[in-house]
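Summary of structural features
Spelled out from the first residue to the last, the chains are:
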Amino acid sequence: MTAMKLNDEEQDMLAGKLGPVAQQALRHQIMVGEFFGAEDFVPVTQAHIMADTESLGEAGVQWLEGLAANREGRTGVCIPTITDPRGTDFAKAAYLGQTSSMIELERRAIDAFVKLGVTMTDTCINYQTVQAPIRNEHVAFGDTGVVIYSNSVCGAYSNFEGGPSALSAGLTGRTPRYGFHLAEQRRATVHVRTDFTPQTLNDWGALGAVVGRIAGNYWAVPVIEGIEGAPRSDQLKHFGAAMASFGSIALFHMVGVTPEADRLADIAPAGLPSHRVGRDEVKALQASYHKDGKVDVVVFSAPQLSLYELRDLAALCDNRRFSVPLLAVTSPQVKPDSDRMGYTARIENAGGIVLSGMCFYQSYAREIAEAKGWKRLVTNSAKLVNILGGYGYQPMLGSMEACVDAAVSGRME
Amino acid sequence: MSVKGKVFQARHAMGQRVRGTALVASDGFSARYDLDRIKGIFSRPSHQLAGRSYVGKILVVETAKGGVASAWMLHEMNSRGMAPLAFVFNSVNPILAQGAALAHLPMLAGFDEDITKAIPDGAELEIDPARGTITVL
């Protein structure tokens, strides 16, 4: 493996002149950078850390506390560094059947992050709620849904940065220059033509899932041609999140829509492998999860809901009465507005519950299933059905309307 | 045909030299989606290795899938002595590499052949990241 080139500041950091926290962070980044053949570092302007305590565990929290306890040299982040959803909504933890040890671990993680100067935004839709990156901005974002949206829709430059690497980027203000920080890695590698422009969020998610399965690995870059009109942010949010989940994809192009792909020729070399995807493939993917009969719980999450999604959901909840639990999960930035506009009350008057700052699958979904007896779960998120299969659920994918109907009847037909 | 003594060269490598038994599948790997991390087994029913233990094994699989959480999970699994001994991938995404760096687990990726076809399940291997090699013992 070739050694990365370090500038004077980076050599000082590695030598410990900026303290042990920055030194440890840079060492970690060099290991990753050299693994991928990075020549050097690139400065980043923002970092976003995925660090729910279900993933961290006791070991991860102790590691964070060790970093946060240091008082020598640079002791915190040096660029705006924000967080992905937490493992709970503290106000609703008892309802979710979460234990005091989960909550305690969560509090310790938050304390450590705050000591490191991290801003606890607890959101996976920061591009809608905190600050969207701009074209050509190099960032170090975690959460695959955040990365694929930022790269594809915003034209920013990021790899998937897991928690330790995103935190390291926050602490050093840079990241190894490999993968999607390099212009040549952003060219399309597979062409997908479609004659189906989805309308609903579940159809957008399912189309993203189909494209993700075709493209199939992190280094693949699909370009999609044939979408009519201009999709909305929430539609591309579900499209990208599902593609990232099903295919580990970090960047897509959509001809005439995304900023690097005004024309196909701008990003696609001639002779790319090409696939056709239509309504049949999208419907087949959804049908593969469908099971008639009883429903235990309805969940809107993954990604967290925007204000517009909550507005649409509230409208569907008027004059309804749910027979099974309905959970809608949003960010701490959106929740106060949802309260203020009356959306939360309309959803909760029907028997639903609006959660904030968590995301269903990052919040001990397996333990929740056992505590609440939930197995047959209905959602409009293609990302969520993909994940929860591995957590002992039988997930089903339907439109927002079908999900609300299922909450009323307790059945999916 | 015996593969004993055969050496495979990886383009990407990190970590310490180890010896162990290969657990091989032409399937993906995601710590969040595919595993019961408490029991140390593959739990996703559709996974080729469903029901099998990965603890202490050299896991030889196709690629790393989804899940930014894996970056923390390898460290957490290793702290309980419930992690694979090492990872070998045809193709790896950054998350697993970042996770292996945090957990100090050896990882090799990128070969001239399909490594999941070249190495038999259950083979005894030596992984040498400094040289980027896998040797079948």
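Because the structure is predicted, anything quoted here is derived from the model rather than measured.

Basis of the calculations
Residues numbered from 1 in each chain as written. Chains lettered and ligands numbered in written order. Predicted model: local features only at pLDDT ≥ 70, side-chain atom pairs only at ≥ 80, totals over all residues. Pairing = 2+ DSSP bridges. Helix = DSSP H or I, 4+ residues; strand = E, 2+ residues; numbered from the N terminus. Contact = placed C-beta atoms within 7 Å. Domains from an automatic or database assignment. Nonpolar A, V, L, I, M, F, W, Y, C, P; charged D, E, K, R; others polar. Axes fitted to C-alpha atoms, helices over the stretch in contact; angles between N-to-C directions.

Take the sheet that holds strand β8 (residues 253–254) of chain A next. All names here are of chain A. Within the open sheet, the four strands sit side by side as β8-β7-β6-β9. Their pairing is parallel. Each of the sheet's edge strands pairs with one partner strand only, and the pair in question is β8 and β9 (274–277). Relative to β9, strand β6 (residues 190–194) runs parallel, the two sharing four bridges. Among the inter-strand pairings, T194 is bridged to a residue of β9, identified as V277.

A separate point is the interface of chain A and chain B. At the interface, 33 residues of chain A touch 29 residues of chain B. When residues of the side of chain A that touches chain B are traced back to their parent elements, those giving at least two are α2 (20–35), α3 (53–68), α7 (163–172) and α9 (233–247) of chain A. In terms of residue count, α3(A) provides more of the side of chain A that touches chain B than any other element does, six residues in total.

All names here are of chain A. For chain A, the assigned domains are domain 1 (8–183), domain 2 (187–286) and domain 3 (290–412). Centre-to-centre, using C-alpha coordinates, domain 1 lies 28 Å away from domain 3. Facing 21 residues of domain 1, the contacting portion of domain 3 comprises 20 residues. A per-class count over the side of domain 1 that touches domain 3 returns seven nonpolar, eight polar and six charged.

Residue and element names in this part refer to chain A. Pairing in this open sheet of three strands is parallel, and the strands run β3-β2-β4 from one edge to the other. The open sheet has two free edges, formed respectively by β3 (81–83) and β4 (140–141), since each of these has just one partner strand. Here strand β2 (residues 47–49) runs beside β4; their pairing, made up of two bridges, is parallel. For A47, the partnering residue across the bridge sits in β4 and is A140. Set on the sheet, α7 makes contact with β2, β3 and β4; between it and β2 the angle comes to about 145°.

In this section: unusual backbone geometry. Residues and elements named next belong to chain A. Following A302, the chain continues to P303 via a peptide bond in cis, the omega torsion being 0°. Here P303 shows up in strand β11 (residues 297–305). With phi around 60°, A302 is a residue other than glycine that occupies positive phi space. Looking at the secondary structure, you find A302 in strand β11. The phi angle at N319 is positive, at roughly 60°, despite the residue not being glycine. Checked against the element boundaries, N319 lands in the loop between α12 (307–317) and β12 (326–330).

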